[in-house]
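Residue-level listing of the chains:
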Amino acid sequence: MKIQLYQIVAVLGSLMLMAAGLLRLAHSGSPKELIIAILYFFANIFIFCF
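The paragraphs below set out a description of the structure included in this document. Only a predicted model underlies this, so the values are computations on that prediction, with no experimental measurement involved.

This part covers the overall build of the protein. In terms of regular secondary structure, the protein is built from two helices and zero strands. Taken over C-alpha atoms, the radius of gyration comes to 12 Å for the protein, far larger than the 10 Å a tight globule of 50 residues would show. Projecting the C-alpha coordinates of the protein onto the three principal axes gives extents of approximately 40 × 15 × 10 Å. Going through the 50 residues of the protein one by one, you find that 18% of them count as buried. Surface accessibility of the protein: about 3,900 Å² in total, with carbon and sulfur atoms responsible for 78%.

This brings us to helix H1 (residues 5-28). Over its 24 residues, H1 runs 34 Å from end to end, which matches the ideal 34 Å to within 8%, given 1.5 Å per residue. When H1 is considered as a whole, its buried residues turn out to be Gln7, Ala10, Ser14 and Gly21. Downstream of H1 by a residue or two, Gly29 has a phi angle that is positive, lying close to 75°.

Moving on: the environment of Ala10. Looking at where Ala10 falls in the secondary structure, it is placed in helix H1. Overall, Ala10 belongs to the buried group, its relative accessible area being 8%. With 35 residues separating them along the chain, Ala10 and Ile45 place their C-alpha atoms 6.7 Å apart. Aside from chain neighbours lying at most four places away, what touches Ala10 is Asn44 and Phe48.

A few words now on the environment of Ile3. Here Ile3 is to be found in the segment before H1. A sequence separation of 41 residues divides Ile3 from Asn44, and the C-alpha atoms of the two residues are 15 Å apart.

In this section: the environment of Tyr6. Among the structural elements, Tyr6 can be located in helix H1. On a C-alpha basis, the gap between Tyr6 and Ile45 in space is 11 Å, while along the polypeptide they are 39 residues apart.

Conventions and cut-offs
- Residues numbered from 1 in each chain as written.
- Predicted model: local features only at pLDDT ≥ 70, side-chain atom pairs only at ≥ 80, totals over all residues.
- Heavy atoms only, no water.
- Helix = DSSP H or I, 4+ residues; strand = E, 2+ residues; numbered from the N terminus.
- Rg over C-alpha atoms; globule rule 2.2 N^0.38 Å.
- Buried < 20%, exposed > 50% of the residue type's maximum accessible area, 1.4 Å probe, protein only.
- Areas by Shrake-Rupley, 256 points an atom, 1.4 Å probe, with all protein chains shown as cover.
- Expected span 1.5 Å × (residues − 1).
- Contact = heavy atoms within 4.5 Å.

If you want it as C-alpha cells, here you go:
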C-alpha cells in the first residue's frame, strides 16, 4: 500500500484535532469535547485513507 502525502497530512490534522479536543476537555471538564475529537479523528482517517 502506497502512502500519499495527503494521507499523512490528514493523519496529522486528525491528531491536532484530537489534541485540541483533549485540551478543551482538560479546560472545560466536558467529556463531550473528547467524544467530538475522537469522532473527528476517525472521520478524517476514514475519508482520506480509504
